[in-house]
Every structure is written in C-alpha cells, then in structure tokens.
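Results of the structural survey
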Amino acid sequence: MDASTLQELIAQYAPEASAIGIRAASALAMILLGYWAAKFISGLTRKGMVKRDIDATLTNFLAKLVFCIIFALAAIPSLAHAGIQTASVIAALGAAGLAVGLALQGSLANFAAGVLLIAFRPCRVGDWIDAGGCSGSVESISLFSTILLTGDYKRIVIPNAKVMSDAITNYSVMPRRRIDLIVGISYDADMRVAKQILLKLVEADDRIFKDPAPTIAVSELGDSSVNLVCRPWVATSDYWPTRWKLTEDIKTEFDAAGVGIPYPQMDVHFHKQA
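First, a word on what this report is: a plain description of the structure on this page. (Residues numbered from 1 in each chain as written. Predicted model: local features only at pLDDT ≥ 70, side-chain atom pairs only at ≥ 80, totals over all residues. Heavy atoms only, no water.)

Counting its secondary structure elements, the protein contains 7 helices and 10 strands. For the protein, buried positions account for 27% of its 274 residues. In the protein, of all internal contacts separated by at least 6 residues, the share reaching a separation of at least 24 is 63%. About 18200 Å² of surface is accessible on the protein, with carbon and sulfur atoms providing 63% of the total. (Helix = DSSP H or I, 4+ residues; strand = E, 2+ residues; numbered from the N terminus. Buried < 20%, exposed > 50% of the residue type's maximum accessible area, 1.4 Å probe, protein only. Contact = heavy atoms within 4.5 Å. Areas by Shrake-Rupley, 256 points an atom, 1.4 Å probe, with all protein chains shown as cover.)

Here is the structure:
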C-alpha cells in the first residue's frame, strides 16, 4: 500500500473514527460519573441509617441496592450513547427478573416480611415472644428467617412470612407484668380468711409492686369451688420466680389455716330396683 492510498483511507475514515472515539470517551466518562454518584449516594444512605440505629443487615442491603440502581441508571444510557443497542439488553434483564421473581416468590415474601420486622421492630433480640405458632427467646432476625431459642434450649427457625402473617405476642417489651392466679376454695371455707392470707402473701413479697395495687377478689362461684383471683404486678424479669413462689406459699398457708382447696370429684348414686 503506497502513501497516497493510506492518506485516502485516513481521510475517508478519520471523521468516523474520531466520532466513535469521542462517543466512547464520553460514555466512559458518564459511567465513571455514574459510579461516583452511586457510591456517594450509597454512602450517604448508609451513614443516615447507621445514625438512626437501623439494623446492620438492612443497612448493608439497602446501601448496596441504592448503589446498584443508580449505577444501572447511569450505565444503560452510557451504553446507548456509545452506540450499543440496549433495548434487547433491557428486555432480557426484565424477562430474567420476572422469571426469578416467579421462582422465588416464597423467598421474596420472606424477604419483604424481614424488612418489615427489622424496620418496625415488633420484637428484638433477647425478647421472649409467641410468633408463627412457636414460643421462645429471639436469637436473631435476618432478612429471611427469625430464630428462636425455647426454654429447653431448642433452636427454631421460622420463615419471616409466617412470623408476620399472624399476631406477635411480646412478653419482654413492657417493664412490668401482671400475675393472674385463680385460687379455688371450698364452699364451706372462710372466704374472708382466704382473702386475708392472699393479701398478706402479696404484701410480704418485696418483688410485688405497691402501685398499681394487687387485686384480690371473688371472680366466680364455680360448680365445686369459690374462685378467687390474685393479680399482683411485678417486674417482667421477676414474673416466673414470683409466680412460682406465690403459688407454693398459697398452698402452704391455706393448709395451715384449714382453708380447703377442692378438687374435681363425682358422686355416683345407685338406686336398687324393687
């Protein structure tokens, strides 16, 4: 190839090559700018969520999600500016996303429920709850499942969708709880003596609050017993020790005072035919 032919080729293709180079350089600049913007906004999102003491799992996920969305919004127009057809790429990504969404709809439901659990915090790590048909202390809450530890130290993993689909009873969130005891005495027992014993027992226990005052009253005239209610208030951490001690003391004091506690019984009468 002689010099004149080379000059003709350069003169012919130089403008087009220059335009392609300019578009490629500007597209690369747009991608870099989009990457910087995505990283900057993602960092602001992370700092804002950390400042508001939002769960670390949700913070990391949302920060990465913000980065991916902003970078994608910058990258796709950049590729189109460089002359690359992006319509087919977008369509393929949309179809793939739809297929993945249909295949993982159960997991997505658990994920959405996990976001709600972490955001609204109906329970926290260490709380004792009833949720998803199970009862236990919350060991961890992730984006897909909640893990409980039972009283006998069994580990239960519950999908978050099941946790959020029903009521959540949190026994630890409030600073105090009321003990509800129903004590049955026989009909021939002295009801006033029984109430005095209950009042003496709740006043003698330092763990029981004076305000609000405990309730001791007759709740029901049952088939075989007069049922009294004893409802003292205690700190949440003292609930079970106080309940167990109070129950034992009631039995001991009733026995000492001769207050009978009836038990279910059946009388059978035989009629002799003539």
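Turning to the sheet that holds strand β1 (residues 128–131), a few remarks are in order. Strand order in the open sheet made by the 5 strands is β4-β3-β2-β1-β5, with antiparallel pairing throughout. Two strands bound the open sheet, and with one partner strand each, they are β4 (155–159) and β5 (169–170). Pairing geometry for β1 and strand β2 (residues 134–141), over 4 bridges, is antiparallel. Residue pairing for β2: D130 is matched across the bridge by S135. (Pairing = 2+ DSSP bridges.)

It is worth spelling out the environment of R243 at this point. With respect to the element layout, R243 can be found in helix α7 (residues 239–257). Taking the C-alpha atoms as reference, R243 lies 9.4 Å from P232; in sequence the two are 11 residues apart. When sequence neighbours within four positions are dropped, the list of residues in contact with R243 reads I179, D180 and L181. A distance of 3.4 Å separates a polar side-chain atom of R243 from the backbone oxygen of D180. (Polar contact = N/O pair within 3.5 Å; in protein donor to acceptor, adjacent residues only side chain to side chain.)

Along its 19 residues, α7 runs 27 Å from first to last C-alpha, staying within 8% of the 27 Å computed at 1.5 Å per residue. For α7, the complete set of buried residues consists of Y239, T242, L246, I250 and F254. Down the axis of α7, the buried side of the element spans an arc of 85°, and every buried residue falls inside it. Away from its buried face by more than 90 degrees, α7 exposes W244, E248 and A256. Along its buried surface, α7 packs onto β6 (176–178), β7 (181–185), α6 (191–204), β9 (226–231) and β10 (233–235). The positive-phi residue at the C-terminal boundary of α7 is G258, with phi of around 75°. (Expected span 1.5 Å × (residues − 1). Arc of directions from axis to C-beta.)

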